[in-house]
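Here's the letter readout for the chains.
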Amino acid sequence: MKRRTIICGILIILCMLTSVGNAEKYVDGKTLLEEILSSYSAGNVVLSRQVQIVHSAVNFRESPGGKVIASLQGGELLECLEEEQYRGALWYHARSERYGDGYVIGTYAKPIWNNQSYWPLSEPEDTVSVSDNMYLFAYWMGTYQLDHGLSVIEDTGSDRMLNMAPITIRGNMSVVPEDIKIELALKLYEYGMICLNDACDQLRNDSLPFEIRDEIASDVLWKHYGTDNVWEIMTKQSLVLFIHVNDLHNAGVLLSERDRMIGGALLQKLVGEH
């Protein structure tokens, strides 16, 4: 059985188990997911140029992996100047009011979206707390992949399971929409996966030639993911399907009860709609 099929099945089972065992603590995952999706209105969302520290005692460095300037505490806000890649990890070149310019690894910092605060975590006993904007992005990404044949629904006995496209076309750029890099970069901004910057306005400018916008999108993806190859981006997922490891902003591997419930409901919704 393919890796994603296994993960999909495990998450759905976990969703079912936790919804039964924790009925008093949470409503069901489907209800939570629909509340997230129905509350979103792109025109009213506030984008930000800030990142928030989402862990205690995070090193603020002179350069990626370099000398430590200070230790930042959970909840601190920094002005995000630019994203950079260093040894396969996402780093933020950022500015602190107290310490000036420096760098913080993306594992422990997260872009602010729609004025939300991500600290303290809603589930401090768990490692991962997935914010609403991340589920919005995951739903868009899952829908996009399924609509364009980059992921597929497969029948396994009486079950319908979500899986990546067959190996025969995986990596084949000829089946990928021409504007996918532009679309992906714009959604990363829209859902707060990347801090607002000048590239966002350029990508939104339809008067710019496609080639220029495509080049700008490539640069955005390289800085954020370390590649602009969409097949590579899609295959490097976290425990939450359709969310890249760089976008989870966490070094652990656990999901909260709420995360498991909504993640399972998200997969069921995508399968049901396709």
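Preceding block: the structure.
Residues numbered from 1 in each chain as written. Predicted model: local features only at pLDDT ≥ 70, side-chain atom pairs only at ≥ 80, totals over all residues. Heavy atoms only, no water.

**Things to note about the packing of helix H3 (residues 132–147) against helix H8 (residues 257–273)**
Our working rule: Note on definitions: angles span 0 to 180 degrees between N-to-C directions of axes, and those axes are lines fitted to C-alpha atoms, for helices only across the stretch in contact. Each helix is a run of H or I in the DSSP string that is no shorter than four residues. Each strand is a run of E no shorter than two, and both are numbered from the N terminus. If an angle is under 35 degrees, it is roughly parallel; if it is over 145, roughly antiparallel; if it lies from 65 to 115, roughly perpendicular; otherwise it is oblique. A clockwise turn of the near helix away from the far one marks a right-handed crossing, whereas an anticlockwise turn of less than a right angle marks a left-handed crossing. Contacts are assigned to residue pairs with any non-hydrogen atoms lying within 4.5 Å of each other.
As a packed pair, H3 and H8 sit with axes 10 Å apart at the nearest point and diverge in direction by 25°. One way to sum up the angle between H3 and H8 is to call them roughly parallel. Taken as a pair, H3 and H8 cross one another with a handedness that is right-handed. Contacts between H3 and H8 pair Asp132, Tyr135, Ala138, Tyr139, Gly142, Thr143 and Leu146 from the former with Arg258, Asp259, Ile262, Gly263, Leu266, Lys269, Leu270 and Glu273 from the latter.

**Comments concerning unusual backbone geometry**
Trp119 connects to Pro120 through a cis peptide bond whose omega is 0°. Along the chain, the position of Pro120 falls in the loop between strand E7 (109–111) and H3. Even without glycine at this site, Asn114 takes up a positive phi of about 55°. Turning to its location among the elements, Asn114 is positioned in the loop between E7 and H3. The phi dihedral of His249 is positive, around 55°, even though this residue is not glycine. Following the sequence through the fold, His249 ends up in the loop between helix H7 (230–235) and H8.

**Points about the nonpolar core**
A general trend in soluble globular proteins is that nonpolar side chains are found buried together. Condition: To qualify as a nonpolar core, a set must consist of buried Ala, Val, Leu, Ile, Met, Phe, Trp, Tyr and Cys residues joined through side-chain atoms within 4.5 Å. Exposure is judged per residue with a 1.4 Å probe applied to protein chains only, and the accessible area is read against the type maximum: over 50% gives exposed, under 20% gives buried, and values in between give partly exposed.
If you look at the biggest cluster of nonpolar residues, it comprises 59 residues, and the most contacted ones within it are Phe137, Leu184, Leu188 and Phe242. Listed by contribution, the elements that provide at least two residues to this core are helix H2 (29–38), H3, strand E9 (159–164), helix H4 (180–190), helix H5 (198–204), helix H6 (210–225), H7 and H8. A total of 9 residues in this core trace back to one element, the largest contributor, which is H3. Those residues in contact with Leu188 that sit more than four places away from it in its chain are Phe137, Met193, Ile194, Leu221, His224, Tyr225 and Asp247. Counting 13 residues, the second-largest nonpolar core is a separate cluster that includes Phe60, Leu72, Ala109 and Cys195.

**A short note on the pattern of salt bridges**
Here is the rule: The term salt bridge refers to a side-chain nitrogen of Lys or Arg lying within 4 Å of a carboxyl oxygen of Asp or Glu.
Counted according to the given criterion, the structure contains 13 salt bridges. For Glu34, the salt bridge identified is with Lys269, shortest N-O distance 3.1 Å. Of this pair, Glu34 sits in helix H2 while Lys269 sits in helix H8, and the two are 235 residues apart along the sequence. Overall, the relative accessible area of 31% leaves Glu34 in the partly exposed class. The network of salt bridges with common partners includes Glu34, Lys269 and Glu273.

**Focus on the side chain of Ser48**
Using the following cut-off: Nitrogen and oxygen atoms within 3.5 Å of one another constitute a polar contact, given that in protein one can donate a hydrogen and the other can accept it, and given that sequence-neighbouring residues count only through two side-chain atoms.
Within the element layout of this structure, Ser48 appears in the loop between H2 and strand E1 (50–53). Looking at Ser48, its side chain comes within polar contact range of the main-chain nitrogen of Gln50, at 2.9 Å. Every residue in contact with Ser48, bar those within four places of it in the chain, is listed here: Ile112, Cys195 and Leu196.

**Section: the packing of H4 against H6**
Interhelical geometry of H4 versus H6 gives an angle of 55° and a closest axis separation of 8 Å. With respect to their mutual orientation, H4 and H6 come out oblique. Every pair of crossing elements has a handedness; the one defined by H4 and H6 is left-handed. In this structure, H4 contributes Lys181, Ile182, Leu184, Ala185, Leu186, Leu188 and Tyr189 to the contact, and H6 contributes Phe210, Arg213, Asp214, Ala217, Ser218, Val220, Leu221, His224 and Tyr225.

**Thoughts on the pairing of strand E8 (residues 151–156)**
The criterion, for reference: Any two strands between which DSSP finds at least two bridges are classified as paired.
Pairing of E8 with E9 involves 6 bridges; the strand directions are antiparallel. Bridged to Glu154 within E9 is Met161. Linking two consecutive strands that pair antiparallel, namely E8 and E9, is a turn of 2 residues; a positive phi of about 65° is found at Gly157 within it.

**Here we look at H3**
Applicable threshold: Expected helix span is computed as 1.5 Å times (number of residues minus one).
With 16 residues, H3 extends 23 Å from end C-alpha to end C-alpha; this agrees with the ideal 22 Å at 1.5 Å per step. Most of H3 is tucked away, with 13 of its 16 residues classed as buried. Backbone geometry just downstream of H3 places Gly149 in the positive-phi region, at approximately 75°.

**Description of H2**
Filter applied, for reference: Directions from the helix axis toward the C-beta atoms define the arc.
Turning to H2, its buried residues number three or more, namely Gly29, Leu32, Leu33, Ile36 and Leu37. Looking straight down H2, one finds that the buried residues subtend no more than 130° of arc, so they occupy a single side. Every exposed residue of H2 that faces more than 90 degrees away from the buried side is listed here: Lys30 and Ser38. At the N-terminal end of H2, a side-chain oxygen is found 3.2 Å from the backbone nitrogen of Lys30, two or three residues along, and the residue is Asp28.

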